[in-house]
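What follows is each chain in one-letter form.
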Amino acid sequence: KSADDAKPSKVQKAGKKTNNKDESPKKKSKSTKEDTTGDVAVKDTEQTSTKESKKAKVGKAKSADDAKPSKVQNSGKKTKVKDPNEPKRPLNAYRLFVRDVRAKVEKENPKLSKKEVGLEIAAIWKVTGENEKKPYTDEAKETLKKFETEMEAYRQVLL
């Protein structure tokens, strides 16, 4: 091989990264490092890496004053105050089923988390037949009718 055919060394490549971390052109370190003579270098606080600057922005702690106001405050709309006398919406058939079955499932599986209990109840509801769901759907329909009549009466009082 001739000298011209030889691969250029890392030092000869202009503008390329080197393996020496102290000489890296893109990133300056915050920590102290020892140079080849054993002397400790001075801390450099300059950050040129985009990843580090993004992390610094994301990691900033926000005080209550710096927090973004809610959409209601931005749009100028006022929030509706809920009337305590307004009838509450009734439970649907699934919620009535959950109310009856939850204690049983938790008793059978005491080590399950609340999320896992909910998933178990959902699986039971999915495989439950229409005949077994009928009491819950009937009760849901009755309570919905009662709710609708109560809402009509409530709206009449408001007028």
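About the thresholds
- Residues numbered from 1 in each chain as written.
- Predicted model: local features only at pLDDT ≥ 70, side-chain atom pairs only at ≥ 80, totals over all residues.
- Heavy atoms only, no water.
- Phe/Tyr/Trp six-rings, centres within 6.5 Å; stacked < 30°, edge-to-face > 60°.
- Helix = DSSP H or I, 4+ residues; strand = E, 2+ residues; numbered from the N terminus.
- Buried < 20%, exposed > 50% of the residue type's maximum accessible area, 1.4 Å probe, protein only.
- Lys NZ or Arg CZ within 6 Å of the ring centre and 35° of its normal.
- Core = buried A, V, L, I, M, F, W, Y, C linked by side-chain atoms within 4.5 Å.
- Axes fitted to C-alpha atoms, helices over the stretch in contact; angles between N-to-C directions.
- Parallel < 35°, antiparallel > 145°, perpendicular 65-115°, else oblique.
- Left-handed = near helix turned anticlockwise from the far one by under 90°.
- Contact = heavy atoms within 4.5 Å.
- Nonpolar A, V, L, I, M, F, W, Y, C, P; charged D, E, K, R; others polar.
- Expected span 1.5 Å × (residues − 1).
- Arc of directions from axis to C-beta.
- Salt bridge = Lys/Arg side-chain N within 4 Å of Asp/Glu carboxyl O.

**Considering the packing of aromatic side chains**
Item 1. Evaluated as defined, the whole model comprises three aromatic pairs.
Item 2. Summarising the aromatic geometry, the rings of Y94 and W125 are spaced 5.6 Å apart at their centres and angled 75° between planes, so their arrangement reads as edge-to-face. Of this pair, Y94 sits in helix α3 (residues 93-108) while W125 sits in helix α4 (residues 114-127), placing them 31 residues apart in sequence.
Item 3. Among the residues examined, Y94 registers a relative accessible area of 25% and is labelled partly exposed.
Item 4. Given the relative accessible area of 15%, W125 is considered buried.
Item 5. A network of ring pairs unites the aromatic residues Y94, F97, W125 and Y136 as a single cluster.
Item 6. Residue placement shows K133 over the ring face of W125; its charged tip is 4.5 Å from the ring centre.

**As for the nonpolar core**
Item 1. Counting eleven residues, the largest nonpolar core consists of A93, L96, F97, V98, V101, V105, V117, I121, W125, Y136 and A140.
Item 2. Put simply, the parts of the chain that give this core at least two residues each are α3, α4 and α5 (130-158).
Item 3. Sorting elements by how many residues they give to this core places α3 first, with six residues.

**Concerning the packing of α3 against α4**
For any two helices packed against each other, the geometry comes down to the angle between their axes and how far apart the axes lie.
Item 1. α4 packs onto α3 with a crossing angle of 120° between their chain directions and a minimal axis gap of 10 Å. Between α3 and α4, the interaxial angle falls into the category oblique. For the pair α3 and α4, the sense of crossing is right-handed. Residues A93, Y94, F97, V98, R102, V105 and E106 of α3 lie in contact with α4, whose contacting residues are K114, V117, G118, E120, I121, A122, I124 and W125.
Item 2. Across the contact of α3 with α4, the residue classes break down as ten nonpolar, one polar and four charged.

**Re α4**
Item 1. Between its terminal C-alpha atoms α4 stretches 20 Å, which fits the 20 Å expected from 14 residues at 1.5 Å a residue.
Item 2. Within the sequence span of α4, burial applies to V117, I121 and W125. Across the axial projection of α4, the buried residues extend over an arc of 75°, all falling on one side. Seen from the open side of α4, the exposed residues pointing more than 90 degrees away from its buried face are K115, L119, K126 and V127.

**As for the pattern of salt bridges**
Item 1. A complete count under the given rule lists four salt bridges for this structure.
Item 2. Residue R102 pairs with E106 through a salt bridge whose shortest N-O separation is 3.7 Å. Remark: E106 and R102 occur in helix α3; sequence separation between them is four residues, near one turn of the helix.
Item 3. Judged by its relative accessible area of 31%, E106 is partly exposed.
Item 4. As a salt-bridge pair, E152 and R155 come within 3.6 Å of each other at their nearest N and O atoms.

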